[in-house]
Amino acid sequence: MKVIRRICFLVLLLGAGSVGLGAWVRREVKIPDVLGYETVKCDFHIHTVFSDGAVWPYVRSDEAWREGLDAFAITDHIKNRKHEADLRLDKNRSYEIARPGAEALGLTIIRGGEIASGTAAGHFNAIFLKDVRALDTEEWRDAIKAAVEQGGFVSWNHPGWKKQSPDGIPVWYAEHTELYEKGWMHGIEVVNDDEYYPLAHKWALEKKLTMLGNSDVHYPANMLYEFGEGEHRTMTLVLAKDKSKESIKEALVNRRTVVYGKNMLIGEEKYLRAIFDESVDVINPEVTIRGKEEARIQMRNKSEVDFELVLKGAEEVLKDISAPEKITLYGEGTVQLSIKGKSEEVWGKKKMRLGYEVKNLLVRPGEGLRTEVIVDVNFVAVEKGESK
Ligand SMILES: [Zn+2]
Ligand SMILES: [Zn+2]
């Protein structure tokens, strides 16, 4: 009996493995916590079969866990109910179905819905709702009002959506001014799926709207992203006190977010700087250069983001040394940065500040984070007759 049981157990184990236990591995998103906050990985814009998505709600919980998310919102369209003929559609159902699985996996799930204005003003997300049914109103403004009355956080979705702006450039309409002035628009998607909207980025900074990056996923996530090749879904990194719903909301209201789309981080300078500084170390900040010889500085990047650095503002230092114009600090890797002396007659210790722009950490549209690689160089002069 015992033997049979053991065999059964073994078969079960092997069976489970062969039917895809391998898929049940969480891939952590490696971006450090900063400034005393947790960097909470969130996707606030997700669809299911309860609107025009192709996925049953609880699958979204498993996907979120597997992809390293900490929190997500299901935001089915309030009006677009593609599967109405096949499903009993209650506007809270997708959240309710996804919730037990999400909570069992330790994820925070947020109740939400997507409001289509039916005008050029486009679509709006409302999250942290109490009852989505109250948003099913005739007039779209009433839906937003209902969301706000429930303490909802409202954001403008995909402002450069090609169906509305064929050139992909967002337009700020009178409706947006109206919502904004009423305090009914709190955030804006700077990145939706694989689209980045520089103008939305600019507006977010100017108008103090929370920057969001969401997947707006309709299909199974693994049909859209090559996870095996290191791709990740577009997400919002929320700098929150913890992963709870309340803390995430507090952080969103106070605009502590960074958008993570492809290999790009977009956000306020102070947050991008904190992430970069926390991620990158110079392993040997003291080197010796003999005459025109080279020294190698090792830089380690603990995050998963490949930081793309371009030399900028290092003129003073470049009188004494040459340094690479471009360098990529590969995610979870250590890279050598080679500097070379320019003279055989320089000696003594000097602090060298190599200015770089991190091109893929966008503090403003088209403008990367400025940083410095600081090294103490001990220059050793070459005596006459000794040089090569
Ligand atoms: Zn939409
Ligand atoms: Zn959507």
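Residues numbered from 1 in each chain as written. Chains lettered and ligands numbered in written order. Predicted model: local features only at pLDDT ≥ 70, side-chain atom pairs only at ≥ 80, totals over all residues. Heavy atoms only, no water.

What follows deals with the overall build of the chain. Along the chain, the regular secondary structure elements total eight helices and 20 strands. Here the C-alpha coordinates of the chain stretch approximately 90 × 75 × 35 Å along the principal axes. Looking at the chain as a whole, 49% of its 388 residues are labelled buried. Considering only residue pairs separated by 6 or more positions, the chain has 67% of its internal contacts joining residues 24 or more positions apart. Carbon and sulfur atoms make up 52% of the accessible area of the chain, which totals about 18500 Å². Here the chain contributes 56 positive and 62 negative side-chain charges, whose respective centroids are spaced 3 Å apart. (Helix = DSSP H or I, 4+ residues; strand = E, 2+ residues; numbered from the N terminus. Buried < 20%, exposed > 50% of the residue type's maximum accessible area, 1.4 Å probe, protein only. Contact = heavy atoms within 4.5 Å. Areas by Shrake-Rupley, 256 points an atom, 1.4 Å probe, with all protein chains shown as cover. Lys, Arg positive; Asp, Glu negative; His and termini not counted. Charge placed at Lys NZ, Arg CZ, Asp CG, Glu CD.)

The next thing to look at is the environment of Gln-298. For Gln-298, the location among the structural elements is in strand β14 (residues 294-301). Taking the relative accessible area as the measure of exposure, Gln-298 reaches 34% and is therefore partly exposed.

Here we come to the domain arrangement of the chain. Each assigned domain of the chain is listed with its residue range as follows: domain 1 (24-267) and domain 2 (280-380). Measuring from the centre of the C-alpha atoms in domain 1 to the corresponding centre in domain 2 gives 38 Å. Taken together, the contact between domain 1 and domain 2 spans 17 residues of the former and 13 residues of the latter. Across the domain 1/domain 2 interface, buried area totals approximately 1100 Å², and carbon plus sulfur atoms make up 53% of it. Contact with domain 2 buries area across many residues of domain 1, yet Lys-30, Asn-263 and Leu-265 alone supply 50% of it, more than any other trio. Among the salt bridges present, the one from Arg-27 reaches Glu-304, with a minimum N-O distance of 3.0 Å. (Domains from an automatic or database assignment. Buried area = accessible area lost by both parts, 1.4 Å probe. Salt bridge = Lys/Arg side-chain N within 4 Å of Asp/Glu carboxyl O.)

A few words on unusual backbone geometry. Not every positive phi belongs to a glycine, and Phe-128 is a case in point at roughly 65°. For Phe-128, the location among the structural elements is in the loop between β4 (123-127) and α4 (140-149). Residue Phe-128 is classed as buried on the basis of its relative accessible area of 8%. One non-glycine residue with positive phi stands out, namely Glu-332, at about 55°. Checked against the element boundaries, Glu-332 lands in the loop between β17 (326-329) and β18 (333-341).

Using the criterion set out here, one finds one cavity of 30 Å³ or more in the structure. Considered as a void within the structure, the largest cavity measures approximately 40 Å³ in volume. If you trace the largest cavity, you find it lined by Ala-120, Ala-121, Trp-156, Pro-159, Gln-164, Ser-165, Pro-170, Val-171 and Tyr-173. Class assignment for the residues of the lining of the largest cavity results in seven nonpolar, two polar and no charged. (1 Å grid on protein atoms, 1.4 Å probe; cavity = no way out; pocket = protein on both sides within 12 Å on 5 of 7 lines; lining within 4 Å. Points joined across faces, edges and corners; volume = space filled by probe spheres on them. Nonpolar A, V, L, I, M, F, W, Y, C, P; charged D, E, K, R; others polar.)

This paragraph deals with the coordination of the zinc ion (ligand 2). Donor atoms from the polypeptide that coordinate the zinc ion (ligand 2) comprise His-45 (NE2), His-47 (NE2), Glu-114 (OE) and Asp-216 (OD), at 2.0 to 2.3 Å from the metal. The coordination sphere of the zinc ion (ligand 2) comprises four donor atoms, whose angles at the metal cover 78 to 167°; the geometry is irregular. Of note, the donors binding the zinc ion (ligand 2) are all from one chain and are spaced H-x1-H-x66-E-x101-D. In this structure, the zinc ion (ligand 2) is positioned 3.4 Å from the zinc ion (ligand 1), and both are ligated by Glu-114. (Donors = N, O, S within 2.8 Å, 3.2 Å for Na, K, Ca; no water. Tetrahedral: all angles 85-135°; square planar, octahedral: opposite > 155°, others 65-115°.)

Another point: the coordination of the zinc ion (ligand 1). Under perfect tetrahedral coordination by four donors, a metal shows angles of 109.5 degrees; under perfect octahedral coordination by six donors, it shows angles of 90 or 180 degrees. Protein-derived ligands of the zinc ion (ligand 1) are Glu-114 (OE), His-123 (ND1) and His-158 (NE2), with the metal-ligand distances lying across 2.0 to 2.2 Å. In primary-sequence terms, the residues that donate to the zinc ion (ligand 1) follow E-x8-H-x34-H.

Moving on to the nonpolar core. Within the largest apolar cluster, 58 residues are counted, with the highest numbers of intra-cluster contacts made by Leu-265, Phe-276, Phe-307, Leu-329, Ile-339, Leu-354 and Tyr-356. With six residues, the single largest contributor to this core is strand β19 (residues 348-364). Two domains each donate at least three residues to this core, and these are domain 1 (24-267) and domain 2 (280-380). What Leu-265 contacts, discounting residues up to four positions off in sequence, is Ile-31, Leu-237, Val-258, Val-259, Tyr-260, Leu-272, Ile-275, Val-305, Asn-360, Leu-361 and Leu-362. Formed by 31 residues, the second largest nonpolar core is a distinct cluster that contains Leu-179, Leu-209, Met-211 and Val-259. (Core = buried A, V, L, I, M, F, W, Y, C linked by side-chain atoms within 4.5 Å.)

Turning next to the pattern of salt bridges. For the structure shown, the criterion picks out 37 salt bridges. In this structure, the salt-bridge partner of Lys-243 is Glu-38, at a minimum N-O distance of 2.6 Å. One end of the pair, Lys-243, is in the loop between β9 (235-240) and α7 (245-253); the other, Glu-38, is in strand β1 (residues 38-43), and 205 residues separate them in sequence. Given the relative accessible area of 33%, Lys-243 is considered partly exposed. As a salt-bridge pair, Arg-233 and Glu-67 come within 2.6 Å of each other at their nearest N and O atoms. With Arg-233 in the loop between β8 (210-214) and β9 and Glu-67 in the loop between α2 (57-66) and β2 (71-74), this pair connects stretches of sequence that are 166 residues apart.

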